[in-house]
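Listed below are the residues making up each chain.
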Amino acid sequence: MSDTTQDGALATSKPPSEDAGLSPAELAGKYGLSVSGARPTLAEYTRQLWDRRHFILAFSRAKLVAQYSEAKLGQIWQVATPLLNALVYYLIFGLILNAGKGIHKHDYIPFLVIGVFVFTFTQSSLMAGVRAIPGNIGLVRALHFPRASLPISFSLQQLQQLLFSMIVVFVVAIGFGNYPSLSWLLVVPALILQFAFNTGLALVFARMGSKTPDLAQLMPFVTRTWMYASGVMFSISEMLKDKPQWIGEVLQWNPAAIYMDLIRFALIDGYGRENLPPHVWAFAVGWAVLFGLGGFVYFWKAEERYGRG
């Protein structure tokens, strides 16, 4: 099209564009564009995670090796740290405060060691989850991958560390007269359920920690309180037998206490069913499903916001 101006010059004008009047969303749909970093569907997100399973495993192994790379004793600290904690707790709670009442003296040391190692598994997974996004922000911003890979790999790292440490737990159990039996096989489903719970917990706190990095400074106080309320150093039922029954039941049904008690029941001959809360396996499965699936969905819902500042 052309028009003649007042001085006789020829001016041209473009025909109306086919895209005129279309909204940005309509333009994107017309040309097949999508939002960068948009959250995929839950099914697609799960498929992406499965496709990156080798990365998750390799990343967890690398973190495990690097954790003590600068220490002269190296990976020995994986076992030495919880053992030293158990020694301190034994001196204070076992000898001075007599926290082992209600438990046979011959069983108290394996009772305490199992409690420390198993609770440390949950505690370390939670702390790693809080730092998963802020501690790897460069990786999150540089590469496109499902962000759940990070807290899952950190939980897997803690599982590998616990499995290595379980050798010491078995040695301690045997050293105090608890020899391998069929009940020891119960350790396997108990640890699988605890791993599912820990992973969900790490996912929940990974999302919370990505928004509030200062949460990492608060969590040691929370986990310490949780440890004292979970019967790591004492029998909850024995210590609270003079208190209202519901208090003891609430503390025994908390997930950290349940997974510790299941492994104690499996490995310690003198730790019988009377020390377990009713429906203990149902609660163990329930906590694993609730946090495992619920934590995964909760983390996925904020997928597009991680690393955005």
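Bear in mind that the values here come from a model prediction, so they are computed numbers and not experimental data.

Cut-offs and rules
Residues numbered from 1 in each chain as written. Predicted model: local features only at pLDDT ≥ 70, side-chain atom pairs only at ≥ 80, totals over all residues. Heavy atoms only, no water. Patch = residues over 30% accessible without salt bridge, like charges linked within 9 Å, V, L, I, M, F, W, Y side chains within 5 Å. Areas by Shrake-Rupley, 256 points an atom, 1.4 Å probe, with all protein chains shown as cover. Salt bridge = Lys/Arg side-chain N within 4 Å of Asp/Glu carboxyl O. Helix = DSSP H or I, 4+ residues; strand = E, 2+ residues; numbered from the N terminus. Buried < 20%, exposed > 50% of the residue type's maximum accessible area, 1.4 Å probe, protein only. Lys, Arg positive; Asp, Glu negative; His and termini not counted. Charge placed at Lys NZ, Arg CZ, Asp CG, Glu CD.

Our focus in this paragraph is a nonpolar patch on the surface. On the surface, Leu-84, Leu-87, Val-88, Leu-91, Ile-92, Leu-95, Ile-96 and Leu-97 cluster together into a nonpolar patch covering about 750 Å² of accessible area. Examined against the element boundaries, Leu-84 turns out to sit in helix 4 (residues 77–96). Leu-84 gets classed as partly exposed once you look at its relative accessible area, which sits at 44%.

The tally for this structure, following the rule as stated, stands at four salt bridges. One salt bridge connects Asp-51 with Arg-47, and the closest N-O pair in it is separated by 2.5 Å. With a gap of four residues between them, Asp-51 and Arg-47 both fall in helix 2 (residues 42–51), about one helical turn apart. Taking the relative accessible area as the measure of exposure, Arg-47 reaches 40% and is therefore partly exposed. A salt bridge links Glu-238 to Lys-241, with the shortest nitrogen-to-oxygen separation between them at 2.9 Å. The partly exposed category is assigned to Glu-238, whose relative accessible area is 22%.

There is a patch of like positive charges on the surface, built from Arg-39, Lys-211, Lys-301 and Arg-305. Structurally, the position occupied by Arg-39 is in the loop between helix 1 (24–30) and helix 2. On the basis of relative accessibility, which here comes to 36%, the residue Arg-39 falls in the partly exposed class.

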